[in-house]
Amino acid sequence: MFRRLFILAGLCLALSGCTNMKPEQFANQKPALALEDYFQGQTRAYGIVEDRFGNVRRTFTVDIKGEWDGNVLTLTEDFVWNDGELEQRIWRLTRDAASPDNWTGTTADAIGPAKGRVSGNAYNMVYDFNLKMDGSRTKVRFDDWMFLMPDGVLLNRATMSKFGIHLATVTIAFRKDVPAREAVKAAE
């Protein structure tokens, strides 16, 4: 009996962490995504966090200031969560000189470098992250996909897992035509 449960648990773990998508599948999809162009300047995003059962647990907005210096794309992200929590995260994405479709990202809560690849209208980045949960931190894995759509809309779907078990999905929509939050407040 124990052996069957062990095999079933192992099979569930293996299947829950599998994805068949590869960035190369989107090589011919338009509009083409250039991270350094899309995120240059001000961007606003709106997102939801769903648990593994599809229940929305949190919502947020995030203002992103992007700066491209020709080598590093710095994204300063200012989150406002629906429960009032404020959070800032700064990502530094560096393009691989030998293979310009490949990117390496770092941020304070990432465990090691994030590895990303652009192809056509898609960007995939995989990384381990120290996530705040219930007053402590736990290591989770993110499999992050972005897709550039017509009219400058960028959709992001990130799955979060631990030990190969799906924990949550984060869905985000990015817009380029929204002023920074500070500018909106100053105009009010």
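As a reminder, the structure under discussion sits directly above these lines.
Residues numbered from 1 in each chain as written. Predicted model: local features only at pLDDT ≥ 70, side-chain atom pairs only at ≥ 80, totals over all residues. Heavy atoms only, no water.

**A word on the overall build of the chain**
Part 1 of the argument: A tally of regular secondary structure across the chain gives three helices and 10 strands.
Part 2 of the argument: Counting from the amino terminus, the chain carries its helices and strands in the arrangement α-α-β-β-β-β-β-β-β-β-β-β-α.
Part 3 of the argument: Burial analysis of the chain (188 residues in total) assigns 37% to the buried set.
Part 4 of the argument: Partitioning the contacts of the chain with sequence separation of at least 6, the portion at a separation of at least 24 is 40%.
Part 5 of the argument: Total accessible area on the chain stands at roughly 11100 Å², and carbon and sulfur atoms take up 57% of it. (Helix = DSSP H or I, 4+ residues; strand = E, 2+ residues; numbered from the N terminus. Buried < 20%, exposed > 50% of the residue type's maximum accessible area, 1.4 Å probe, protein only. Contact = heavy atoms within 4.5 Å. Areas by Shrake-Rupley, 256 points an atom, 1.4 Å probe, with all protein chains shown as cover.)

**Regarding the pairing of strand β2 (residues 56-68)**
Part 1 of the argument: Bridging between strand β1 (residues 41-51) and β2 involves 10 bridges; their strand directions are antiparallel. Counterpart to V49 in the pairing with β2 is R58.
Part 2 of the argument: Counted between consecutive antiparallel strands, the loop separating β1 from β2 contains four residues, among which G54 sits at a positive phi close to 90 degrees.
Part 3 of the argument: Sheet analysis places β2 next to strand β3 (residues 72-81), joined by nine bridges and oriented antiparallel. (Pairing = 2+ DSSP bridges.)

**Some details on unusual backbone geometry**
Part 1 of the argument: A cis geometry characterises the amide bond from K30 onward to P31, with omega recorded as 0 degrees.
Part 2 of the argument: With respect to the element layout, P31 can be found in the loop between α1 (2-16) and α2 (35-38).
Part 3 of the argument: Within the chain, D151 stands out as a residue other than glycine whose phi angle is a positive 65 degrees.
Part 4 of the argument: Its place among the elements puts D151 in the loop between β8 (136-148) and β9 (154-162).
Part 5 of the argument: Taking relative accessible area as the criterion, D151 reaches 80% and is therefore assigned exposed.

**Focus on the sheet that holds β8**
Part 1 of the argument: Overall, antiparallel pairing links the 10 strands, which are arranged β1-β2-β3-β4-β5-β6-β7-β8-β9-β10 in a closed barrel. Each adjacent strand pair in this sheet contributes to an overall mean axis angle of 25 degrees, direction not counted.
Part 2 of the argument: As defined by bridge partners, strand β4 (residues 86-95) adjoins strand β5 (residues 102-106) across four bridges and the pair is classed as antiparallel. Looking across to β5, one finds that R92 is bridged to T106. (Axes fitted to C-alpha atoms, helices over the stretch in contact; angles between N-to-C directions.)

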